[in-house]
Amino acid sequence: MMFTPWRSALAYAAWVTLISWLTGTVVLTVGTLAFGDRLGPTGPDPLAWCRDQVVFLVTCTALLALGRRLLSPLPRWRTVLIDGALYVLALGIANAVPYGSVSPGELLDAVALYSFFGLFTLQLPTAWCLSAWRSGRLDAVLKKRYTIGDERATPSR
C-alpha cells in the first residue's frame, strides 16, 4: 500500500493554495483599480475580509493536505479532479461558515457563488494548473505490512 508523507502533502497543499490565492487577489486588485473603485475591504467590518481570507487559507491547506495524505497516490488527472473539488469546497466553507450556522443549501449557494468569482479572478484555473504540476512532485512511500509469523514485526531494542 502506498501513501504520501505529511511533508510532501503539506508542501503540495501550500503551493496550490498560496499561489492560486495570490493570483486571485492580484487579479481582483488590478480589476478594482482599473474600474476606479476603492481598494481594500469596505463595509461595517473591514477586518471581515481578512478573517475570511485566513479561514480560506487554513481550510484549503488542511483539506488538500488531508486529501493527499489519506488517498493513495493517483494519476494527475484524478488528482486535479479530486483536489479541484476540495478547493471549491474550501472556497464555500471559508466564505459561508464565518457568518453563522449554515444549512447545506446556503453552503452550496456559497460554493457556487465563490466558484464563479474564482473563475473570473483566475484563482480556480491557477489552482487546477498548480495541482496538475505539483502532483507530479509528490513523494510516494510504500507502507510495509507485517504478518503474524514475521519475526521482524517486533522492533528490537
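Because the structure is predicted, anything quoted here is derived from the model rather than measured.

### Concerning the overall build of the protein chain
A tally of regular secondary structure across the protein chain gives 5 helices and 2 strands. Starting at the N terminus and walking to the C terminus, you meet the elements of the protein chain as β-α-α-α-α-α-β. Burial analysis of the protein chain (157 residues in total) assigns 34% to the buried set. For the protein chain, contacts bridging at least 24 residues in sequence account for 77% of all contacts bridging at least 6. Of the accessible surface of the protein chain, which amounts to about 10,000 Å², a share of 69% is contributed by carbon and sulfur atoms.

### As for helix H2 (residues 47–70)
Taking 1.5 Å per residue, 24 residues should reach 34 Å; H2 reaches 34 Å between its end C-alpha atoms and fits that length. On the buried face of H2, the contacting elements are helix H1 (6–34), helix H3 (76–96) and helix H5 (123–135).

### Quick look at the packing of aromatic side chains
Here the structure, examined in full by the defined rule, presents 5 aromatic pairs. Both rings, one in Trp-15 and one in Trp-133, keep their centres 5.6 Å apart while their planes meet at 80°; by these two values the pair is edge-to-face. One end of the pair, Trp-15, is in helix H1; the other, Trp-133, is in helix H5, and 118 residues separate them in sequence. Feature note: the residues Tyr-114, Phe-116, Phe-117 and Phe-120 constitute an aromatic cluster, connected by ring pairs.

### Topic: H5
Under the 1.5 Å per step criterion, the end-to-end length of H5 is 18 Å for 13 residues, consistent within 8% with the ideal 18 Å. Every buried residue of H5 is listed here: Gln-123, Leu-124, Thr-126, Ala-127, Leu-130, Ser-131, Arg-134 and Ser-135. The arc enclosing the buried residues of H5, seen along the axis, measures out at 155°, which places them on a common side. Packing partners of the buried residues in H5 comprise H1, H2, H3 and helix H4 (104–120).

### Notes on the environment of Ala-132
With respect to the element layout, Ala-132 can be found in helix H5. Residues Ala-132 and Asp-83, 49 residues apart in the sequence, show an inter-C-alpha distance of 9.7 Å.

### Side note on the environment of Val-80
Following the sequence through the fold, Val-80 ends up in helix H3. Sequence separation between Val-80 and Ser-135 is 55 residues, and the spatial gap between their C-alpha atoms is 8.2 Å. Once you skip the residues sitting within four places of it in the chain, Val-80 turns out to touch Trp-128, Ser-131 and Ala-132.

### Remarks on the pattern of salt bridges
Counted according to the given criterion, the structure contains 1 salt bridge. Here Arg-68 makes a salt bridge to Asp-83, at a shortest N to O gap of 3.0 Å. Of this pair, Arg-68 sits in helix H2 while Asp-83 is found in helix H3, placing the two residues 15 residues apart along the sequence. Comparing Arg-68 with Asp-83, the two get one shared label, buried.

### Things to note about a nonpolar patch on the surface
On the surface, a cluster of nonpolar side chains totalling about 620 Å² of accessible area is made up of Leu-113, Phe-116, Phe-117, Leu-119, Phe-120 and Trp-128. No other element matches the 5 residues that H4 contributes to the nonpolar patch. Its location among the elements puts Trp-128 in helix H5.

Rules and cut-offs
Residues numbered from 1 in each chain as written. Predicted model: local features only at pLDDT ≥ 70, side-chain atom pairs only at ≥ 80, totals over all residues. Heavy atoms only, no water. Helix = DSSP H or I, 4+ residues; strand = E, 2+ residues; numbered from the N terminus. Buried < 20%, exposed > 50% of the residue type's maximum accessible area, 1.4 Å probe, protein only. Contact = heavy atoms within 4.5 Å. Areas by Shrake-Rupley, 256 points an atom, 1.4 Å probe, with all protein chains shown as cover. Expected span 1.5 Å × (residues − 1). Phe/Tyr/Trp six-rings, centres within 6.5 Å; stacked < 30°, edge-to-face > 60°. Arc of directions from axis to C-beta. Salt bridge = Lys/Arg side-chain N within 4 Å of Asp/Glu carboxyl O. Patch = residues over 30% accessible without salt bridge, like charges linked within 9 Å, V, L, I, M, F, W, Y side chains within 5 Å.

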